[in-house]
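Next come the chains, spelled out residue by residue.
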Amino acid sequence: MSLPLKIACRYLVSKKGHQAVNIISIVAVGGVVVATAALICVLSVFNGFRGLIMGKLAMLDPQIAITATLGKTINDADSVIEVVSALPGVERAVPVIEDQALAIYAQLQMPVRLKGVPDDYNTMNLMDSVIVDGQWKLRDQVSRYAVAGAGPAVRLMVRPDFLGMVRLYAPQRQGRVNIANPMGAFRQDSLFVSGIFQLQQNSYDADLIYVPLEMARELFDYETEATQVEVKLAPGANEQEAMSAISQALGNGYQVKNRLMQQREAYRLVNIEKWMAFLLLAFILVIATFNVISTLSLLIIEKDDSIATLRALGANDRQISRIFVLQGWLITLVGAMTGVVIGLLLCLGQQRFGWLRLSGDPANMIINAYPVEVQWTDVLITFALVAAVGLLTSMVTALIMRRRLTTKD
């Protein structure tokens, strides 16, 4: 250990000559500790919410979705499915049709988003786990059925046990409209409701209704087209390799997206909120370092006699300046390491015990406590930020020390 570092460590732990300097030193270290711990905790909470949202969306989103680069539909979905199904790592590929329609039940009506899917579509995702009433069933020997989101179920006042049928209307895509018969411009069909699902995500629950694929093709006047081809990968398959293989096999006319890419806006929004909070806390951390600069300034004044002794013993101005620069680094790094440890302990405690609870009715909430997920990249970024702030503090300290030594000369 070099002599300046030994002296800096001695100054760090030794009792100061004035009580005010001791108090300011404690406040300086405490400010860095609190700011660092807050950064770790806040970033981990945002990670927890992001994981919660993406986990919910992953229940219904396909592992890989294929759409046309140009236009609304894939014209020959069956040929695309044939090509994709033959690729390694692909367990199954199915066509789906999604479009807008009008749903009417009794005297109630609302615009809905219809999604036509195969009868066993629930094997492609975790649909069965979000059914809150009834069951997943799109057809039997008697009739065809729909599985509606909680939003349409509430607004149309439908239940799986009701005998009434939901009527669906969609405008004709082809042909002329007869002004004398406006209803002739719409295709219509009816079906019972077999189940109601609730994901507790507005993008799904608000207006989505699942219907049989054949019915959607009839209603929207499609034959072999599909608005999207959804792919389920085999267990253990590498997602990136599968996406690359699908893109190469299909060419530039198709977009291949994983779940993260399908929910890019939601993911982007959470990330923006996370890093905005990071910037605000980083600003607070920078403000807290002014206490470190104040502490070092007072310590320089207090150690005038020691500085004179060091110069008499042969220490040059560079060595003396380095003592206080290193002490600034030590204060910042000790505060950072302590803050990281405290932040990690708080996050682990929140994960284990759920100390901080969310306000609201627990019966209507997905979780009762703030979710927390620690990512080591966030810890490294936080530590790097504190180190950069420590560098800034050291530079200011060096400048103050040079001016004071110049004045003494």
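Everything that follows concerns the structure shown earlier in this document.
The shown structure was predicted, so the numbers you read here are calculated from the model rather than taken from an experiment.

1. Notes on a nonpolar patch on the surface
Turning to step 1, where the next piece is worked out: A surface patch of nonpolar side chains, amounting to about 610 Å² of accessible area, comprises Ile342, Leu346, Phe353, Trp355, Leu356 and Tyr370.
Turning to step 2, where the next piece is worked out: With respect to the helices and strands, the residue Trp355 is situated in the loop between helix H11 (317–353) and helix H12 (376–408).
Turning to step 3, where the next piece is worked out: For Trp355, a relative accessible area of 51% corresponds to the exposed category.

2. Here's the deal with helix H3 (residues 77–85)
Turning to step 1, where the next piece is worked out: Inspection of H3 places Ala77, Val80, Ile81 and Val84 among the buried residues, and these make up the whole buried set. Angular distribution of buried residues about the axis of H3 spans 100°; they occupy a single face of the element.
Turning to step 2, where the next piece is worked out: Residues of H3 that are buried in the fold lie against strand E1 (64–68), strand E2 (90–105), strand E9 (228–233), helix H7 (239–250) and strand E10 (254–258).

3. Quick look at the pairing of E1
On any regular strand, side chains alternate: one points to one face of the sheet, the next to the other face.
Turning to step 1, where the next piece is worked out: The buried fraction of E1 amounts to five of the five residues, a majority that puts the element mostly inside the structure.
Turning to step 2, where the next piece is worked out: Side-chain alternation along E1 places Ile64, Ile66 and Ala68 on one buried face and Ala65 and Thr67 on a second face that is also buried.
Turning to step 3, where the next piece is worked out: Bridge analysis of E1 against E9 gives three bridges, and the strand direction is antiparallel. Looking at the pairing, Ile66 lines up with Val229 of E9.
Turning to step 4, where the next piece is worked out: The pairing of E1 with E10 spans five bridges and is antiparallel. Across the sheet, Ile66 pairs through a bridge with Val256, a residue of E10.

4. Remarks on helix H6 (residues 213–220)
Turning to step 1, where the next piece is worked out: Most of H6 sits out of view: six of its eight residues are buried.
Turning to step 2, where the next piece is worked out: For H6, every residue scored as buried is listed here: Leu213, Met215, Ala216, Arg217, Leu219 and Phe220.
Turning to step 3, where the next piece is worked out: As for H6, its buried residues are in contact with E2, strand E3 (108–117), strand E6 (166–171), strand E7 (186–197) and strand E8 (208–212).
Turning to step 4, where the next piece is worked out: Directly beyond the C-terminal end of H6, a positive phi value near 65° is found at Asp221.

5. A short note on the side chain of Arg144
Turning to step 1, where the next piece is worked out: Here Arg144 is to be found in the loop between strand E4 (131–134) and strand E5 (145–149).
Turning to step 2, where the next piece is worked out: A polar side-chain atom of Arg144 sits 2.7 Å from a polar atom in the side chain of Asp189.
Turning to step 3, where the next piece is worked out: Apart from residues no more than four positions distant in its own chain, Arg144 is found in contact with Leu138, Arg139, Asp189, Leu191, Phe192, Pro212, Glu214, Met215 and Glu218.

6. Here's the deal with the nonpolar core
Turning to step 1, where the next piece is worked out: Ranked by internal contacts, the top residues of the largest apolar core, which has 26 residues, are Leu114, Leu168, Val211 and Phe220.
Turning to step 2, where the next piece is worked out: Mapped onto this core, the elements with two or more residues apiece are E2, E3, E5, helix H4 (150–156), E6, E7, E8 and H6.
Turning to step 3, where the next piece is worked out: In terms of residue count, the dominant contributor to this core is H6 (five residues).
Turning to step 4, where the next piece is worked out: Those residues in contact with Val211, other than ones at most four positions away along the chain, are Leu114, Lys115, Gly116, Val117, Leu138, Tyr145, Ala146, Leu168, Leu191 and Ala216.
Turning to step 5, where the next piece is worked out: Counting residues in hydrophobic clusters, the runner-up holds 20 residues, among them Ile66, Ala93, Ile246 and Leu250.

Rules behind the numbers
Residues numbered from 1 in each chain as written. Predicted model: local features only at pLDDT ≥ 70, side-chain atom pairs only at ≥ 80, totals over all residues. Heavy atoms only, no water. Patch = residues over 30% accessible without salt bridge, like charges linked within 9 Å, V, L, I, M, F, W, Y side chains within 5 Å. Areas by Shrake-Rupley, 256 points an atom, 1.4 Å probe, with all protein chains shown as cover. Salt bridge = Lys/Arg side-chain N within 4 Å of Asp/Glu carboxyl O. Helix = DSSP H or I, 4+ residues; strand = E, 2+ residues; numbered from the N terminus. Buried < 20%, exposed > 50% of the residue type's maximum accessible area, 1.4 Å probe, protein only. Arc of directions from axis to C-beta. Contact = heavy atoms within 4.5 Å. Pairing = 2+ DSSP bridges. Polar contact = N/O pair within 3.5 Å; in protein donor to acceptor, adjacent residues only side chain to side chain. Core = buried A, V, L, I, M, F, W, Y, C linked by side-chain atoms within 4.5 Å.

Without other data, these values stay purely geometric and don't point to any function.
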